[in-house]
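Residues per chain, in single letters:
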Amino acid sequence: MSSQVEPAEVAESRIATDWSLDQWADRLIDQAGFGVTVLDRHGTVMYYNKWASEHLDRKPEYIGNDVRKRHRRAVTNPRFDAMLRLFEEGRVEPVRYVARPYGRTTILVTVSPIRVDGELVGFSQVVLLKDEIQELCARFDESGRESFEREMLPDTPAVARDPAAGQCSGRRA
């Protein structure tokens, strides 16, 4: 008899029967198209994906070391520690913020607690580039799905524009 707790994705029926996410998780995270960094509960860098190594300050020697050693601004570590305390005190919602750690590059960051069997074991950090998001929204605001269809499906006939499709800015077409 096993005392192992059923993972949430199984208990909530968010995963196919007889399939385990760990079969593909490493490839999914590595090829996600945005930055992923995983820290243990003390702030030690445990993992970062390929995108993060190409767009952010992530290097192999950071693995196994405290992320605080890499923060460039003095105010960053007290803010980081305050955020970790929120998670230690039970916060379950992600913390989202905008930062400019590399000069001109603005990033959108989401930090989420990782809990296993109710215990805080670490944190995930997901990073998007503000310029990429704004460019996609601007393209959508200009032409809706048409720009995507032209770029991604160039050999298919034009699909009539859906006038009910929303825009990134919240305006309607």
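Residues numbered from 1 in each chain as written. Predicted model: local features only at pLDDT ≥ 70, side-chain atom pairs only at ≥ 80, totals over all residues. Heavy atoms only, no water.

(A) Focus on the pattern of salt bridges. Scanning the entire structure with this criterion turns up 6 salt bridges. The salt bridge partner of aspartate 57 is lysine 59, with a shortest N-O separation of 3.2 Å. By relative accessible area, which is 14% here, aspartate 57 ends up buried. Arginine 68 is the salt-bridge partner of aspartate 81, the closest N and O atoms lying 2.7 Å from each other. (Salt bridge = Lys/Arg side-chain N within 4 Å of Asp/Glu carboxyl O. Buried < 20%, exposed > 50% of the residue type's maximum accessible area, 1.4 Å probe, protein only.)

(B) Quick peek at the pairing of strand E2 (residues 45-48). Relative to E2, strand E1 (residues 35-40) is paired through 3 bridges, and the arrangement is antiparallel. By the bridge assignment, threonine 37 is partnered in E2 with tyrosine 48. If you look at the hairpin formed by E1 and E2, you'll find 4 residues sitting between the two strands, and glycine 43 has a positive phi there, around 100 degrees. (Pairing = 2+ DSSP bridges. Helix = DSSP H or I, 4+ residues; strand = E, 2+ residues; numbered from the N terminus.)

(C) Geometry of the sheet that holds strand E3 (residues 95-99). On the basis of which strands lie adjacent, the open sheet formed by 5 strands has the order E2-E1-E5-E4-E3 and antiparallel pairing. A strand with exactly one partner marks an edge of an open sheet, and here the two such strands are E2 and E3. Ignoring strand direction, the axes of neighbouring strands in this sheet form an average angle of 20 degrees. Strand contacts of helix H4 (residues 76-88): E1, E3, strand E4 (107-116) and strand E5 (119-129), with the helix running at about 35 degrees to E4, the strand carrying the most contacts. (Axes fitted to C-alpha atoms, helices over the stretch in contact; angles between N-to-C directions. Contact = heavy atoms within 4.5 Å.)

(D) Representation of the nonpolar core. Grouped together as the largest cluster of nonpolar side chains are 19 residues, with contacts concentrated most on Phe87 and Phe123. If you list the elements that add at least two residues to this core, you get E2, helix H3 (50-55), H4, E4 and E5. Beyond its immediate chain neighbours, meaning those up to four positions away, phenylalanine 123 contacts Thr37, Val38, Leu39, Asp40, Arg41, Leu84, Phe87, Val111, Ser112, Pro113 and Ile114. (Core = buried A, V, L, I, M, F, W, Y, C linked by side-chain atoms within 4.5 Å.)

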